[in-house]
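Chain by chain, the residues run as shown.
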Amino acid sequence: MKEIKTIEFRDGVLYLIDQRKLPLSYEFFECRTYQDVDFAIKDMVVRGAPAIGAAAAYGVVLAARQFMKEEKENFLKNMENALNVLSKSRPTAVNLTWAIGRMRGVLEKVKDLSVSDIYEALKEEANKIYLEDLETNKKMAKIGNEVIKPNAVILTHCNTGALATVGYGTALGVIREAHYSGKNIFVYADETRPRLQGAKLTAWELVQEGIPAKLIADSVAATLIRDGKIDIILVGADRIALNGDTANKIGTFMLSVVAKVYNVPFYVVAPTSTIDFNIETGAEIVIEERSPEEVTHINGVRIAPEGIDVYNPAFDVTPHENITGIITEKGIIRPPFRENILKLR
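Calculation criteria
Chains are numbered independently. Their residues run from 1 in the order of the written sequence. Whole-chain, interface and lining totals are the exception, using all residues; otherwise, since this is a predicted model, local features are given only for residues with pLDDT of at least 70 and side-chain atom pairs are given and counted only at 80 or more. For side-chain calculations, the full set of non-hydrogen atoms in the structure is used, while hydrogens and water are omitted. Here a strand pair is declared whenever DSSP counts at least two bridges between the two strands. In this text, helices come from DSSP runs of H or I with a minimum length of four residues, and strands from runs of E with a minimum of two, each type numbered from the N-terminal end. Here the axes come from fitting lines to C-alpha atoms, over the contacting stretch only for helices, and the angles between their N-to-C directions go from 0 to 180 degrees. By definition, residues are in contact when any of their heavy atoms lie within 4.5 Å. Note on patches: the residues involved have over 30% relative accessible area and no salt bridge, like charges join within 9 Å, and the nonpolar side chains Val, Leu, Ile, Met, Phe, Trp and Tyr join within 5 Å. Values of accessible area rely on a 1.4 Å probe in the Shrake-Rupley scheme; residue burial ignores everything except the protein chains shown. Basic side-chain nitrogens of Lys or Arg form a salt bridge, by our definition, when they fall within 4 Å of a carboxyl oxygen of Asp or Glu. Exposed residues in this analysis have more than 50% of their type's maximum accessible area, buried residues have under 20%, and partly exposed residues fall in between, with area computed by a 1.4 Å probe over protein chains only. Handedness of a crossover is defined as follows: with both strands directed away from the viewer, a clockwise route from the first strand across the helix to the second makes it right-handed. In this analysis a 1.4 Å probe is tested at points of a 1 Å grid over the protein atoms alone, and where it fits but cannot get out there is a cavity; an open set with protein on both sides within 12 Å along at least five of seven lines is a pocket; lining residues have an atom within 4 Å of a point. Grid points are joined across faces, edges and corners, and a volume is the space filled by probe spheres set on the points. Under the convention adopted here, Pro, Cys and the residues Ala, Val, Leu, Ile, Met, Phe, Trp and Tyr are nonpolar, Asp, Glu, Lys and Arg are charged, and Gly plus all remaining residues are polar.

Chemist: Tell me what's going on with the sheet that holds strand 5 (residues 186-190), and back it up with residues and numbers.
Modeler: Here seven strands make up an open sheet; going across it, the order is 6-5-4-7-10-14-15 and the pairing mixed. The outermost strands of the open sheet, each flanked by one partner alone, are strand 6 (213-216) and strand 15 (331-333). Geometrically, the sheet is characterised by an average inter-axis angle of 25° between neighbouring strands, direction not taken into account. Judged from the three bridges that link them, strand 10 (residues 266-269) and strand 14 (residues 325-328) form a sheet pairing that is parallel. Paired with Y267 across the strands is G325, a residue of strand 14. Along the sheet face, helix 6 (residues 171-180) touches strand 4 (153-156), strand 5, strand 7 (232-235) and strand 10 and points at about 130° away from the line of strand 7.

Chemist: Help me get a handle on a nonpolar patch on the surface, residues and values and all.
Modeler: Nonpolar side chains collect at one region of the surface, where F253, V257, V261 and Y262 lie side by side and expose about 350 Å² of accessible area between them. Tracing the backbone shows Y262 in the loop between helix 9 (252-261) and strand 10.

Chemist: Talk me through the pairing of strand 4; I want residue IDs and the actual numbers.
Modeler: Here strand 4 shows two buried faces, one formed by V153 and L155 and the other by I154 and T156. Alignment of strand 4 against strand 5, held across four bridges, turns out to be parallel. Looking across to strand 5, one finds that I154 is bridged to V187. The handedness of the strand 4 to strand 5 crossover, carried by helix 6, is right-handed.

Chemist: Give me empty space enclosed by the protein: which residues, what numbers.
Modeler: Per the stated rule, a full pass over the model turns up two cavities of 30 Å³ or more. Its volume calculated, the largest cavity comes out at about 220 Å³. Around the largest cavity, the lining comprises 26 residues; the ones closest to its centre are R47, G48, A49, N159 and D238. Elements with a contribution of two residues or more to the lining of the largest cavity: helix 2 (49-66) and strand 9 (246-249). With three residues, helix 2 is the single largest residue contributor to the lining of the largest cavity. Taken as a whole, the second largest cavity spans an internal volume of roughly 50 Å³. Here the residues of the lining of the second largest cavity sort into four nonpolar, two polar and five charged.

Chemist: Could you give me a rundown of the environment of T274, with the residues and numbers involved?
Modeler: Assignment of secondary structure puts T274 in the loop between strand 10 and helix 10 (293-296). Here the alpha-carbon distance between T274 and T328, two residues 54 residues apart in the chain, equals 9.5 Å. Excluding residues within four positions of it along the chain, T274 makes contact with V94, N95, A237, D238, R239 and I240.

Chemist: Please provide a residue-by-residue account of the layout of surface pockets, values included.
Modeler: Reported here for the largest pocket is a volume of approximately 360 Å³. What lines the largest pocket is a set of 17 residues, among which R20, R195, K200, E294 and N299 lie closest to the centre. The set of elements that each furnish at least two residues to the lining of the largest pocket consists of helix 7 (197-209), helix 10 and strand 11 (297-298). Considering each element in turn, the lining of the largest pocket owes the most residues, three residues, to helix 7. Tallied by class, the residues present in the lining of the largest pocket amount to five nonpolar, five polar and seven charged.

What follows is the structure, encoded as structure tokens:
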């Protein structure tokens, strides 16, 4: 099994696999300041809700390192500003605000200590977030593997692998587990327009791992589902409401509708840190709109005419009634979602 380290913090530098460059080149983006991390999250050097959360936590550590020579009062003021900037780097993934909340809590607890002790405490918390994510993914993979039958043909959307997390992955983690436990699975990966995370990232991970797979255009999925070629659909999540409504990469909702019509099990795989216990339904989820260039250009080459207007939401919301179950590190949540999600609280 190939280990893919999406994020690594060493010697005061945060190294991120530059996901904008894959699969053509395997390069690392170095973050030395919290502003570098803010840019990396906004520009999708790093993406995937759990990976964004962990990167943001290390962004707070880098901020503490940057301001270490300041007087305590200035240091705390600058830290507050850095926390605010990082918490706004992308709006939809709840893991971002969850991780920043944890870092803020630690800062509050240790603010009377020396600046160097504050730095160490923040670094320790970021390391905890990192290690917990890895452990969580492996637990989810084992739990999720229970719903995968031998010889299953699996459809997945976007990238939910090691690249979307600290390592191993969410939905792709379940796929990995099924593959390594000898279930003889086959995977269809949606290309995932407009940023092509399925083509560039998921396909790359599947090839690295030697998992039998085919890449398809997003619009092929419905035909495969109708023709009985898909046994199960596994997707990730960026935010889950109390009632089970789930925000995920644009195109997920459409898949869920077709799956429901043709009775194909549709599972969301996400850690409990992706559940937003403060919102009742998906209607409250802020959907990020991204640059028109993502639709009008591919790899910097224009494919649409000048002057055309573009609507480019990064996510859509799948209603809970289209979801068979939510696979978490604490077990599989099934309907009634609200009641069972509240039990996790």
